Amino acid sequence: MSTAPVLELRDISKEYEGNRVLKGVSLTVRPGTIHALLGENGAGKSTLMNVLFGMPVIRETGGYQGSVLIEGREVQFRSPADAMAAGLGMVHQEFMLLPGFTVAENIKLHREPTKPSLLSRVFGKRLETLDLPLISSDARSALAQVGMGIDEWAPVAGLPVGHMQFIEIAREVDKRNAKLLIFDEPTAVLTESEADELLKVMKQLAAKGLGILFITHRLDEVMAVADEITVLCDGERVASMTPAETTVGHIAEVMVGRPAAVVRHVDSRSTAPRAAKLEIRDLAVDMPGEQVAGVSFTLEKGEILGLAGLAGHGKLGVANGLMGLAPARGSVLKDGKPLVLGDARAAIMAGLAFVSEDRRGVGILPDESIELNIALTSLEVQGRFLLPGAVPALRLMDGGAIRAHALQMIEHLDVRCTGPKQHVRRLSGGNQQKVCLARAMTLAPDTMLVSEPTRGIDVGAKERVLGLLRQLNREQGMTLLITSSELAELRATCDRIAIIYHGRIAAILPPDATDEQFGLAMAGGAAHAGHAS
Amino acid sequence: MSRAVTERSGLQEHLREIGFPRLVIGVFLVLLFSIAIATRMDVPGLVTDSLLRVGRNGLLVLALLPAVQGGVGLNFGLPLGILCGLVGCVTALEFKFVGWPGLAAASLIGMGLAVPVGWGYGWLLNRTRGQEMMVGTYLGFAAVSFMSMFWVLAPYRDPSLVWAIGGKGLRTTLTLAGGFDKLLDKLWAFQIGGVRVPTGTLLLFAAMCALVWLFFRSRAGISISAARSNPRFARAAGISDTQTRTQATIMSTALGALGIVVFAQSYGFVQLYTAPLLMAFPAVACLLIGGAAVSRATITHVVVGTVLFQSILTVALPVTQRVIEGDISETARLIIQNGMILYALTRKNDR
């Protein structure tokens, strides 16, 4: 390849308060290629992007060493705006779209083509009129480039998650001088078919001569689209390769620095009928975006039941409804006794524990210590970790017991932290998830509802989290209801998998059912199979 | 990691912990005291006055803490609690409770009234989420005006309380001489190096600080802070953040009521009508100077802030009079007080 690289990072190092998070990382992206950047959470990917985009946080903490070159010229961006002016575009993991604005307005925001008007002739360029036809046609062509056929004047607010991702990309593509697009875990919130579509679009964009830096946790995607791969581990570049030279297993290995177990199948189980732990009849949950229309199923004692389905079909609503976090109707029997719906305390008292899919929103107290995060729910609901006292509400917390318990959990779950007093905000996603699990386990429940246990966490932590769930099931006989968008992980972990389609159960399948059967159920094709099991 | 790096970051860490405003105000205070010493002023007298004011205002600052911890922000509606305390004082005097029983009656009546008042205030704050400070400010203003009518119309008859002419309507300023004037200030008071220490008032302040600190380590207190920190987390743990916010508001109002009783005791007068109108502002400034943010405050912030702000107010007046032969203390007070509030609001999202 003779073309000058669109981006070259040379020997980038960065220190946060004496903690070296980047140690001489170099990386090159050539035009027309897709460069995958891999690494566990906390490996330094985000910091590298902050350096690249001139985020103020970098300058405020003492800048960085090394150099950034765009098309061979050294640059020092003072702000993200500088970086964008130089032709860098970012597709965010969390959407940066204005929900009340239309698709076209979002795509052209702040770069709207305008034409002179009476007012602008008097008061200057800022008062020119928007050129709506041009906005419309620009938006159309940008949308076409990413393979989207939606109405450009539709408001963003009501669109499915997958569409929003493509609108983000369309916005970046529409920038005239775009040279390098950075995709930060773009497929994390997409369904499998949407993700495939996105990868196709990425390849098309690269074919047009754009350089693409692709940050992801999904190794099979990397193998499918990347031309080059760079792996970071603990702030260091530990490997550079091309997909042809390597395998998924090998990449996973260098990422975590130890051989990773890929897929482990569940032990075969006896099919003898077991007692019912949760009998759910006609559960309807009013959770925005994840409506459950009416599901009936039985969670058997000691089993792991998976809940799968495409985004928006209601699989996440089930656990939230059971735990009293979303309005729910229907009848639920826990060990034969009716469970009060809509009351989180009652659900916890009945022996249920919940690990929410919304880790940052529901799962943690970001600005409190790890130890308090772990103990709090149990302290509040069950009255554990309290010193004796006459008035129940005024009993003081038992700092020693909380500390001892936290230390035990930190060791047991291998939470990477500076100590039990560290604030949970400072932990990486995977470690935050471990804290959430620790809190749920602290409740000593007999049934755990775990939603999206591995969303946004790295390979190593993922394996540990799933292993822990299996261990809880095997050693303590814990009944588990795992809701996940990752079918593969459900198939590797669950005894049965229920597929939710349009808020109802389309089928309950064994984990070794064929891909076709799962695909069919997710598309609503096997509506009657559900009653068979 | 080199040693130099660690030391530098350690120093920066310290500086950040102390905070820029506290540093400036601390240096300013030291400067004022140095001038006082250099110009041979009555330094022990200044220290005495500072201690008096710390004791007098401390509880009103502490009253803000539960509200911040409960997630309703800086309680600009503190006058509600203050009004309850004033009703307590006046009622105790009307029924001729004097001395310790008077102080106790005033506190108990005031705090008792503060519970339903705080509950209503909390209910209102729950319906106006996100604008608590604005709502509190105006509710406080409205309540002070409403109570101005109350002071005129309420059936208090004691001749020492009502206007001499006409015999109806409470006076604007009621003396506590013969009531419970300086009871706590004088309790176990002692003199050391020319400084008189108002032991009782300071001890009560310390005791209340300890109680509040303990409360926030109790089950109820932890649920209040948890709901502040992340309401959705709290809901998942079976905690109703509507309830915890109401509890925090009641606590804040009740402490405000106790605070004004102690204030009146130390000051020697009960001030009615528009006197409570702006009382929340200096208290808020104290808490912020102590290093608190809109969403996070500790007992240390309460104590440090009260000491810094009240000492400045005490020392600035005589020192500036001596140095520039004019009075800028009121100006300085307003600049520091309102500047501090403004500064804190601009840094609302700091962690």
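Criteria and cut-off values
- Residues numbered from 1 in each chain as written.
- Chains lettered and ligands numbered in written order.
- Predicted model: local features only at pLDDT ≥ 70, side-chain atom pairs only at ≥ 80, totals over all residues.
- Heavy atoms only, no water.
- Helix = DSSP H or I, 4+ residues; strand = E, 2+ residues; numbered from the N terminus.
- Rg over C-alpha atoms; globule rule 2.2 N^0.38 Å.
- Buried < 20%, exposed > 50% of the residue type's maximum accessible area, 1.4 Å probe, protein only.
- Contact = heavy atoms within 4.5 Å.
- Areas by Shrake-Rupley, 256 points an atom, 1.4 Å probe, with all protein chains shown as cover.
- Lys, Arg positive; Asp, Glu negative; His and termini not counted.
- Charge placed at Lys NZ, Arg CZ, Asp CG, Glu CD.
- Buried area = accessible area lost by both parts, 1.4 Å probe.
- Salt bridge = Lys/Arg side-chain N within 4 Å of Asp/Glu carboxyl O.
- Polar contact = N/O pair within 3.5 Å; in protein donor to acceptor, adjacent residues only side chain to side chain.
- Pairing = 2+ DSSP bridges.
- Axes fitted to C-alpha atoms, helices over the stretch in contact; angles between N-to-C directions.
- Core = buried A, V, L, I, M, F, W, Y, C linked by side-chain atoms within 4.5 Å.
- pLDDT = per-residue confidence, 0-100.
- Expected span 1.5 Å × (residues − 1).
- Domains from an automatic or database assignment.
- Parallel < 35°, antiparallel > 145°, perpendicular 65-115°, else oblique.
- Left-handed = near helix turned anticlockwise from the far one by under 90°.

Engineer: Outline the overall build of chain A, listing residues and values.
Structural biologist: Looking only at helices and strands, chain A has 19 helices and 22 strands in total. Here the C-alpha atoms of chain A give a radius of gyration of 25 Å, agreeing with the 24 Å that 2.2 N^0.38 yields for 533 residues. Dimensions of chain A, computed from the C-alpha atoms along their principal axes, are close to 75 × 55 × 55 Å. When the 533 residues of chain A are sorted by exposure, 54% land in the buried category. Contacts in chain A between residues at least 24 apart in sequence constitute 65% of all its contacts with a sequence separation of at least 6. A total accessible area of about 22,700 Å² is found for chain A, and carbon and sulfur atoms account for 54% of it.

Engineer: So what about the overall build of chain B? Which residues, and what values?
Structural biologist: Within chain B, the regular secondary structure consists of 15 helices and four strands. Relative to the globule expectation of 20 Å for 351 residues, the C-alpha radius of gyration of chain B, 21 Å, shows essentially globular dimensions. With respect to the three principal axes, the spread of C-alpha positions in chain B is 80 × 60 × 35 Å. Out of the 351 residues in chain B, the part that is buried amounts to 54%. In chain B, once contacts between residues fewer than 6 apart in sequence are set aside, the share between residues at least 24 apart is 76%. Roughly 15,800 Å² of accessible area belongs to chain B as shown, and the carbon and sulfur atoms make up 67% of that amount. Within chain B, one finds 28 positive and 15 negative side-chain charges whose respective centroids are separated by 8 Å.

Engineer: Quick rundown of the interface of chain B and chain A? Include the residues and the values.
Structural biologist: Contact with chain B, which involves 24 residues of that partner, is made by 34 residues of chain A. Between chain B and chain A lies a buried interface of about 2,500 Å² when both sides are counted; carbon and sulfur atoms form 57% of it. For Arg228(B), the salt bridge goes to Glu368(A), with nearest N and O atoms at 3.4 Å. One can count twelve residue pairs in polar contact (both at pLDDT 80 or more) joining chain B with chain A. Contributions of two or more residues to the side of chain B that touches chain A are made by helix H1 (3–18), helix H9 (199–215), helix H10 (219–229) and helix H11 (231–236) of chain B. Here the side of chain B that touches chain A takes seven residues from H10(B), the largest share from any one element.

Engineer: Account for the sheet that holds strand S17 (residues 337–338) of chain A, with residues named and values stated.
Structural biologist: Whenever strands of a sheet pair, they do so through backbone hydrogen bonds, lying parallel or antiparallel. Residue and element names in this part refer to chain A. The antiparallel open sheet is built from four strands, whose spatial order is S14-S13-S16-S17. Each having just a single partner strand, strand S14 (292–300) and S17 make up the two edges of the open sheet. Note: strand S16 (residues 328–334) against S17, two bridges, orientation antiparallel. Directly across from Lys334, in S17, lies its bridge partner Lys337. Across the sheet, helix H11 (residues 315–322) is in contact with strand S13 (276–285), S14 and S16; its angle to S13 comes to roughly 110 degrees.

Engineer: Mind laying out the side chain of Ser252(B), listing which residues take part and the relevant values?
Structural biologist: Residues and elements named next belong to chain B. Inspection of the secondary structure puts Ser252 in helix H12 (residues 241–267). Polar side-chain contacts of Ser252 include one of 2.6 Å to the backbone oxygen of Ala63. If we ignore the near neighbours within four places in the chain, the residues touching Ser252 are Ala63, Leu64, Pro66, Ala67, Asn75 and Leu78.

Engineer: Got a sec to walk through the nonpolar core? Specific residues and values, please.
Structural biologist: Residues and elements named next belong to chain B. Ranked by internal contacts, the top residues of the largest apolar core, which has 97 residues, are Leu62, Leu74, Trp151, Leu170, Leu272 and Leu287. Of all the elements, helix H5 (residues 78–94) adds the most residues to this core, at ten residues. Sequence-distant contacts of Leu170, defined by excluding residues within four places in its chain, comprise Val90, Trp151, Tyr156, Leu161, Val162, Trp163, Leu272 and Tyr273.

Engineer: I'd like a description of the confidence of the model for chain A, backed by residues and values.
Structural biologist: Averaged over chain A, the pLDDT score is 84; the fraction of residues at 70 or greater is 91%. Per-residue pLDDT stays below 50 along residues 527–533 of chain A; that stretch engages in ten contacts with residues further than four places along the chain or on separate chains.

Engineer: So what's going on with the pairing of strand S21 (residues 496–501) of chain A? Residues and values would help.
Structural biologist: The two faces of the sheet receive side chains in turn, since in a regular strand these alternate between them. Residues and elements named next belong to chain A. Extensive coverage of S21 is indicated by the burial of five of its six residues. Here strand S15 (residues 304–308) runs beside S21; their pairing, made up of four bridges, is parallel. Note that in S21 the partner of Leu307 across the bridge is Ala498. Where S21 meets strand S22 (residues 504–509), five bridges bridge the pair, whose relative direction is antiparallel. Residue pairing for S22: Ala498 is matched across the bridge by Ile508. The antiparallel pairing of S21 with S22 creates a hairpin that spans two residues between the two strands, and His502 there sits at a positive phi of about 50 degrees.

Engineer: Hey, could you go over the environment of Arg126(A) for me, with residue numbers and the actual values?
Structural biologist: Mapped onto the elements of the fold, Arg126(A) is located in the loop between helix H5 (118–123) and strand S8 (129–130). Remark: the alpha-carbon pair of Arg126(A) and Ile58(A), spanning 68 residues in sequence, is separated by 32 Å.

Engineer: Before we move on, could you go through the sheet that holds strand S10 (residues 211–215) of chain A and cite the residues and values that matter?
Structural biologist: All names here are of chain A. Strand order in the open sheet made by the six strands is S6-S9-S10-S3-S11-S12, with mixed pairing throughout. The sheet terminates laterally at strand S6 (88–91) and strand S12 (236–241), the two strands that pair on one side only. Averaged over neighbouring strand pairs, the angle between their axes works out to 20 degrees when direction is ignored. As defined by bridge partners, strand S9 (residues 180–184) adjoins S10 across five bridges and the pair is classed as parallel. Residue pairing in the sheet places Leu180 in a bridge with Gly211 of S10. Here helix H7 (residues 161–174) sits on the sheet and contacts S6 and S9; the angle it forms with S6, its principal contact strand, is near 175 degrees. Lying on the sheet, helix H8 (residues 192–207) is in contact with strand S3 (34–39), S9 and S10; it crosses S10 at an angle near 150 degrees.

Engineer: Describe H7(A), listing the residues and the values that go with them.
Structural biologist: All names here are of chain A. A rise of 1.5 Å per residue sets the reference length of H7, with its 14 residues, at 20 Å; its end C-alpha atoms lie 20 Å apart and thus fit the reference within 8%. Of all 14 residues making up H7, twelve are buried, and the element is well covered by its neighbours. All of the buried residues along H7 are Gly162, Met164, Gln165, Phe166, Ile167, Glu168, Ile169, Ala170, Arg171, Glu172, Val173 and Asp174. Turning to H7, the residues buried within the fold contact S6, helix H4 (103–108), helix H6 (132–145), S9 and H8.

Engineer: Tell me about the pattern of salt bridges, residues and numbers included.
Structural biologist: Residue and element names in this part refer to chain A. For the structure shown, the criterion picks out 28 salt bridges over all chains. The salt bridge involving Lys334 is made with Asp446; its shortest N-O contact spans 3.0 Å. Of the two residues, Lys334 is situated in strand S16 and Asp446 in the loop between helix H16 (429–442) and strand S19 (447–451); the sequence distance between them amounts to 112 residues. A single salt-bridge network, built from bridges that share partners, covers Glu168, Arg171, Glu172 and Lys175.

Engineer: Would you mind going over the pairing of S14(A) in detail, with residue names and values included?
Structural biologist: Residue and element names in this part refer to chain A. Summarising the sheet, S13 and S14 pair through six bridges and their orientation is antiparallel. Of the residues in S14, the one forming a bridge with Ile280 is Phe297. Between S13 and S14, which follow one another and run antiparallel, lie six residues, and Gly289 among them has a positive phi close to 85 degrees.

Engineer: Can you explain the domain arrangement of chain A? Please cite residues and give values.
Structural biologist: Along its sequence, chain A is carved into domain 1 (1–86 + 179–262), domain 2 (99–175) and domain 3 (277–532). Computed from C-alpha atoms alone, the centre-to-centre distance between domain 1 of chain A and domain 3 of chain A is 33 Å.

Engineer: Hey, could you go over the environment of Leu325(A) for me, with residue numbers and the actual values?
Structural biologist: Mapping Leu325(A) onto the fold places it in the loop between H11 and S16. Look at Leu325(A) and you get partly exposed, because its relative accessible area is 28%. Ignoring anything within four residues of it in the chain, the contact list for Leu325(A) reads Asn320(A), Phe354(A), Val362(A), Arg235(B) and Ala236(B).

Engineer: Could you give an account of the packing of H10(B) against H12(B), with specific residues and numbers?
Structural biologist: Residue and element names in this part refer to chain B. Interhelical geometry of H10 versus H12 gives an angle of 115 degrees and a closest axis separation of 9 Å. Here H10 lies roughly perpendicular to H12, going by the angle between them. H12 is crossed by H10, and the crossing has left-handed handedness. Contact residues: H10 offers Ser223, Ile224 and Ala227, while H12 offers Asp241, Thr244, Gln247 and Ala248.

Engineer: Could you give an account of unusual backbone geometry, with specific residues and numbers?
Structural biologist: Residues and elements named next belong to chain A. Positive phi outside glycine occurs at Asp11, with the angle close to 55 degrees. Its location among the elements puts Asp11 in strand S1 (residues 7–16). Look at Asp414: it is not a glycine, yet its phi comes out positive at around 55 degrees. One can find Asp414 in the loop between helix H15 (399–413) and H16.

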